[in-house]
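Now for the letters of each chain:
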Amino acid sequence: MGSKNIAYINKDMLVWARSQTPFSNPEDVASQIKSISADELADWENGRIYPSITNAKKLAELYKLPFATFFLANIPIKNPKPYTDRRTIYGSSVNGISYALWCEIKRVCDEREMILTFFSDDDSTLEPLPQMAKTDSNEEIAKRIRKFLGISLPFKNKAAYGGKSYRYYRDIIEDKGIIVEQIEKVDISEMRGLSISYDIFPIIAINKADYDNAKTFSLFHELAHIIRRSSSLCSIDLNDADDEEEKACDSLAAEILMPRTEFMTLAHNLIFANGRFKENGLKNLAEMFGVSIIAAFRRLWDLKLINNDFYFKKYLEIKTDFESIENQIKARRKSEDIRIPYHIRFVNTHGILIPKMVLGAYSNGRISVGETCQLLSVKSKHIENITRMVMVR
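Below, the structure is looked at part by part. (Residues numbered from 1 in each chain as written. Predicted model: local features only at pLDDT ≥ 70, side-chain atom pairs only at ≥ 80, totals over all residues. Heavy atoms only, no water.)

Quick word on a nonpolar patch on the surface
Among the surface-exposed residues, Tyr8, Tyr50 and Phe71 lie close enough to one another that they form a single nonpolar patch of about 310 Å² accessible area. As for its placement among the helices and strands, Tyr8 is situated in the segment before helix 1 (11–19). Under the relative-accessibility criterion, Tyr8 is labelled partly exposed at 41%. (Patch = residues over 30% accessible without salt bridge, like charges linked within 9 Å, V, L, I, M, F, W, Y side chains within 5 Å. Areas by Shrake-Rupley, 256 points an atom, 1.4 Å probe, with all protein chains shown as cover. Salt bridge = Lys/Arg side-chain N within 4 Å of Asp/Glu carboxyl O. Helix = DSSP H or I, 4+ residues; strand = E, 2+ residues; numbered from the N terminus. Buried < 20%, exposed > 50% of the residue type's maximum accessible area, 1.4 Å probe, protein only.)

See below:
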């Protein structure tokens with residue numbers, strides 16, 4: 001008789017499960033679970049011995065799979081990765097992803113699968129994404145996208161978008177049925193944006209650790225990938241993009257956010273009116289288009305309003321000043337111990353669309369409050385405040 005403490009798993013499923021993660025060998029797994037050695041895991045994967053139920057459950061939790069997966073008789077058909085890895089650092093390709101990023105991508109994809117159960121073609125009012133042809137110019141495509149989103153640029157001032165352009169644009173984009181979430185606990189050196197194109201509920205994910213104004217450009221860079229149907233994991237470094245698709249999405253994002261004609265007119269009025277470059281004018285220009293100073297400065301160069309020598313000399317200076325200010329703001333917030341309410345942090349991470357679909361099903365009586373809490377992974381005490389943020393808009 002077998003021991004009740006032994007998990008009589010399918011060893012092939014154990015090997016398959018690890019192959020779906022960033023862990024390339026048993027040593028990588030052992031570094032995450034101190035109670036399991038690399039030799040033990042190798043023995044379990046080779047079928048020499050079986051793991052205990054406790055250890056098998058630890059592996060299931062690490063691999064983000066139901067425990068029952070290890071007992072399946074047949075290995076599932078391998079699905080291709082839903083995106084192309086286009087990340088580069090100083091022109092060199094990035095190999096692999098961290099466990100933290102893998103977990104976040106899986107979370108976002110699982111949340112999309114979850115809300116699909118509440119979607120019906122019969123009651124859909126979602127407008128199809130704009131189409132584009134190879135012969136269309138960037139200006140034509142960008143104009144179509146702005147019309148689709150219902151945005152008119154430039155803004156009169158920062159108050160027009162509440163001073164937070166990322167949140168302003170996120171809400172508009174999610175109203176069109178595009179999921180926008182933020183990736184947590186991943187350094188911006190590893191990724192800035194992710195896009196996964198689907199006919200229903202395509203995904204955009206932006207790194208939460210990035211600077212607030214920089215997120216806006218990342219958001220539209222990934223929207224460009226969605227429109228172009230080129231799902232991608234991106235670094236979005238404007239200065240080392242050797243990938244032609246990345247260049248195309250940078251260019252389209254810039255044209256959407258900073259339309260050529262309007263941008264050039266304002267640039268001449270705000271920056272070059274007296275024949276010399278005005279620093280404060282650049283700041284005002286960026287604010288009127290809801291972008292970072294760096295994005296606006298790059299646009300000046302792209303449109304040949306400044307020459308190469310001036311651009312490369314000034315770019316590093318602007319970037320250094322920009323990062324210094326952002327770091328000062330973060331340090332001040334940390335020293336003042338500013339606590340952001342849970343429901344605000346939740347919506348900042350998960351966006352509007354995911355909780356709105358789940359809470360809509362709850363309000364229609366399709367799921368219970370307990371199921372709502374389980375699906376959103378929140379406590380019941382937060383439901384009311386989250387509902388106010390996403391349903392009353």
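This is not the end of the story, as more comes after the structure.
Re the pairing of strand 4 (residues 179–183)
Here strand 4 lies mainly inside the structure; five of its five residues are buried. Covered by surrounding structure in strand 4 are Ile179, Glu181 and Ile183 together with Val180 and Gln182, the residues of both alternating faces. Of the strand pairs in this sheet, strand 4 and strand 6 (residues 203–207) are connected by five bridges, and their pairing is parallel. When the bridges of strand 6 are listed, Ile183 appears paired with Asn207. (Pairing = 2+ DSSP bridges.)

Some points on the side chain of Arg299
In this fold, Arg299 is placed in helix 12 (residues 293–302). According to the relative accessible area criterion, Arg299 is buried, its value standing at 5%. A distance of 2.5 Å separates the side chain of Arg299 from the side chain of Glu255, its partner in a polar contact. Ignoring any residue separated from it by four or fewer positions in sequence, one finds Arg299 in contact with Ala254, Glu255, Met258, Pro259, Arg260 and Phe263. (Polar contact = N/O pair within 3.5 Å; in protein donor to acceptor, adjacent residues only side chain to side chain. Contact = heavy atoms within 4.5 Å.)

Observations concerning the state of the cysteines
Applying the stated rule across the entire model yields zero disulfides. Left unpaired, Cys109 is separated from the closest cysteine sulfur, that of Cys103, by 12 Å. Counting only cysteine sulfurs, Cys234 is the nearest neighbor of Cys249, a cysteine outside any disulfide, at a range of 7.1 Å. (Disulfide = S-S within 2.5 Å.)

Here we look at the packing of aromatic side chains
A full pass over the atoms with the stated rule returns 23 aromatic pairs. Centre to centre, the rings of Phe23 and Tyr63 are 6.5 Å apart; their planes meet at 45°, and the pair counts as tilted. Remark: Tyr63 occurs in helix 4 (residues 53–63) and Phe23 occurs in the loop between helix 1 and helix 2 (26–30); sequence separation between them is 40 residues. Judged by relative accessible area, Phe23 falls into the buried class, the value being 7%. With centroids separated by 5.1 Å and ring planes inclined at 75°, the aromatic side chains of Tyr311 and Phe312 adopt a geometry described as edge-to-face. (Phe/Tyr/Trp six-rings, centres within 6.5 Å; stacked < 30°, edge-to-face > 60°.)

A word on unusual backbone geometry
Look at the link from Leu153 to Pro154: it is a cis peptide, with omega at 5°. Here Pro154 shows up in the loop between helix 6 (138–149) and helix 7 (165–175). For Lys64, which is not a glycine, the phi torsion comes out positive at approximately 60°. Within the secondary structure layout, Lys64 lies in the loop between helix 4 and strand 1 (84–85). By relative accessible area, Lys64 is classed as partly exposed at 40%. One non-glycine residue, Arg229, adopts positive backbone phi at about 55°.

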